[in-house]
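Examination of the molecular architecture
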Amino acid sequence: MSTSTITSADASGTPVPVLSFSPVVLPVPGRPVDLQVRVTAPATGTGLAVILLSHGQGPSHHLSSLNGYAPLVDLWAAQGFVVIQPTHLTSRTLSHLVADAPGAPFFWRSRSEDMSHILDRLDMIEKAVPLLAGRIDHAKVAVAGHSFGGFTSSLLLGARVTDADEGGVVSLLEPRIKAGVLLAAPGRGDVLNGPMADALPVFRTIDFSTMAAPALVVVGDEDDSRHFTDMGPDWHADPYTLAPGPKALLTLFGAGHGLGGIAGYDAAETTDENPERVAVLARLTAAYLRTRLQAGAPTWQAACEALTADAHPMGRVESK
């Protein structure tokens, strides 16, 4: 196991020590390999809310695992959240072990089930991580996901799909999750015409009309995912447009699919590297989740007002 102490910064820019511990190994009956997670938390504080973070895919091996997304995770933890990152079966770090397992290679159902397994074992995780016992508020849980992880998060928040292999509508709604953040998530399926459309037929069937849980949808206005659709960046706003409220949409100016570099520090595949954009994204998403998980907290409204008041805003927010 590895434990590291990182100094990040809270919303005011004040340095905050952050602890990161991995792997926490969770045996799951029937899963081809044990579920491994990384836990990142502020060094101090109690009553901490939880963010379950679902990784995307991408060309790198280890960014799509519990080892990725440090630029975002460190900032969330510095702002008072416990971030739990599973390595889904889709991770390239596991491909040599699970290539022939049921659901391969995309394991879309297993990815969502991983999050329920984590919540079932939250007591175990809390006790396994040094200095964390007794500090988590188990009633305050959110989910966040990037790209394919955004699809996973959509299902946990109530979106439904049709299983092409078994038939029938599938709901993976997780009622213990109170709110979510969808980062560059896939949109509706009736516009899929790129080379990846046939590889993931389940994407064609997603129904956002049942995704009633509160969510912040984050899109980049230069995120043109032609490998799925020629609809352009607006495709990633579909979870906001097509789902019922309450929802919010954050559009980041000049951002591509990496949203400034959230998947890893200095990742070669990030085409829009911008640490300031990542910091703004972290502040806004943390403010949104804090308001949703703690009734009456004014942080989201204040963050939106600060974004609007900026002489050179990095994005815009709308809501319904």
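The following refers to the structure shown.

**Brief notes about the overall build of the protein**
- A count of helices and strands for the protein gives 8 helices and 12 strands.
- Dimensions along the principal axes, computed over C-alpha positions, put the protein at roughly 50 × 50 × 40 Å.
- Here the protein holds 320 residues, and the buried ones make up 55% of them.
- Within the protein, contacts between residues at least 6 apart in sequence are counted, and of these 69% link residues at least 24 apart.
- Taken together, the 22 basic and 32 acidic charged side chains of the protein have centroids lying 6 Å from each other.

**A few points about the packing of aromatic side chains**
- Enumeration according to the criterion identifies 7 aromatic pairs in this entry.
- Pairing Y288 with W300 gives two aromatic rings, centres 5.2 Å apart and planes at 85°, and the pair type is edge-to-face. In this pair, Y288 is assigned in helix α7 (residues 275–293) and W300 in helix α8 (residues 299–309), connecting sequence segments 12 residues apart. A single burial state applies to Y288 and to W300, both of which are buried.
- Among the aromatic residues, ring-to-ring pairing joins F106, F148, F151, F203, F228 and W235 into one connected group.
- The ring of Y240 carries K320 above its face, with NZ or CZ at 5.0 Å from the centroid.

**Section: the pairing of strand β6 (residues 136–146)**
- In terms of strand pairing, strand β4 (residues 48–54) meets β6 through 6 bridges, oriented parallel. By the bridge assignment, V50 is partnered in β6 with V141.
- Relative to strand β9 (residues 179–183), β6 is paired through 5 bridges, and the arrangement is parallel. Counted as the bridge partner of A144 is V181 from β9.

**Some points on the nonpolar core**
- In terms of nonpolar packing, the biggest core is built from 55 residues, with V39, L52, V82, I84, W108, I118 and F151 touching the most fellow members.
- Apart from the residues lying within four places of it in its own chain, the contact partners of W108 are F148, F151, L155, V161, D163, V170, L172 and V202.
- The next biggest cluster of nonpolar side chains, apart from the first, holds 42 residues, and it includes A263, A282, L293 and A303.

**Details of unusual backbone geometry**
- Note the cis peptide between S22 and P23, where omega equals -10°.
- On the secondary structure map, P23 appears in strand β2 (residues 15–26).
- Residue P246 is reached from G245 by a cis peptide bond, and omega for that bond is 0°.
- Take P246: it is sitting in the loop between α6 (238–241) and β11 (247–252).
- Despite not being glycine, L131 has its phi angle at roughly 70°, a positive value.
- With respect to the helices, strands and loops of the structure, L131 is situated in the loop between α4 (122–128) and β6.
- The phi dihedral of A184 is positive, around 50°, even though this residue is not glycine.
- Inspection of the secondary structure assignment puts A184 in the loop between β9 and β10 (215–220).

**Description of the pattern of salt bridges**
- A complete count under the given rule lists 10 salt bridges for this structure.
- Residues R188 and D238 are paired through a salt bridge, measuring 3.1 Å at the closest nitrogen-oxygen approach. Taken together, the positions of R188 in the loop between β9 and β10 and D238 in helix α6 put the pair 50 residues apart, joining distant regions of the chain.
- Close ionic contact of D198 with R204 constitutes a salt bridge, the shortest N to O distance being 3.1 Å.
- In this structure, a network of salt bridges that share partners links the residues D120, E174 and R176.

**Overview of the pairing of β11**
- Most of β11 is tucked away, with 6 of its 6 residues classed as buried.
- Going residue by residue along β11, you find K247, L249 and T251 tucked away on one face and A248, L250 and L252 tucked away on the opposite face as well.
- Relative to β11, β10 is paired through 6 bridges, and the arrangement is parallel. When the bridges of β11 are listed, L216 appears paired with A248.
- Bridging between β11 and strand β12 (residues 315–319) involves 5 bridges; their strand directions are antiparallel.

**So, the packing of helix α1 (residues 70–78) against α7**
- Contact pair α1 / α7: the axes reach a minimum separation of 9 Å and the direction vectors enclose 45°. Comparing their axes, α7 and α1 come out oblique. As α1 packs across α7, the resulting crossing turns out to be right-handed. Mapping the contact onto sequence places P71, L72, L75 and W76 in α1 and V278, A279, A282, T285 and A286 in α7.
- Grouping the constituent residues of the contact of α1 with α7 by class yields 8 nonpolar, 1 polar and no charged.

Quick notes on the rules
- The written sequence of each chain sets the order in which its residues are numbered from 1.
- Side-chain atom pairs in this predicted model are given and counted only at pLDDT of 80 or more, local residue features only at pLDDT of at least 70, and totals for whole chains, interfaces and linings cover all residues.
- Each side-chain value is worked out from all heavy atoms of the structure, with water and hydrogens disregarded.
- The numbering of helices and of strands both runs from the N terminus, where a helix is a DSSP run of H or I of at least 4 residues and a strand a run of E of at least 2.
- Buried means the residue's accessible area, taken with a 1.4 Å probe over protein chains only, is under 20% of the maximum for its type, while exposed means over 50%, and partly exposed covers the values in between.
- Contacts between residues were defined by any pair of non-hydrogen atoms, one from each residue, lying within 4.5 Å.
- None of His or the chain ends enter the tally, which takes Lys and Arg as positive and Asp and Glu as negative.
- Every charge is mapped to an atom, namely NZ of Lys, CZ of Arg, CG of Asp or CD of Glu.
- In summary, the pairing rule links any two rings of Phe, Tyr or Trp, Trp by its six-membered ring, whose centres are within 6.5 Å, and it sorts them by plane angle into stacked for under 30 degrees, edge-to-face for over 60 and tilted for everything else.
- Counted as over-ring charges are cases with an Arg CZ or a Lys NZ within 6 Å of the ring centre that also lie within 35 degrees of the ring normal.
- Strand pairing is defined by DSSP finding a minimum of two bridges between the two strands.
- Side-chain atoms within 4.5 Å link the members of a nonpolar core, which is a set of buried Ala, Val, Leu, Ile, Met, Phe, Trp, Tyr and Cys residues.
- Should a side-chain nitrogen of Lys or Arg be within 4 Å of a carboxyl oxygen of Asp or Glu, the pair is scored as a salt bridge.
- Here, axes are lines fitted to C-alpha atoms. For helices the fit covers the stretch in contact, and angles between N-to-C directions go from 0 to 180 degrees.
- For this classification, under 35 degrees means roughly parallel, over 145 means roughly antiparallel, 65 to 115 means roughly perpendicular, and everything else is oblique.
- Note on convention: near helix rotated counterclockwise from far helix by under a right angle means a left-handed crossing. Clockwise means right-handed.
- Only Asp, Glu, Lys and Arg are considered charged, only Ala, Val, Leu, Ile, Met, Phe, Trp, Tyr, Cys and Pro nonpolar, and every remaining residue, Gly among them, polar.

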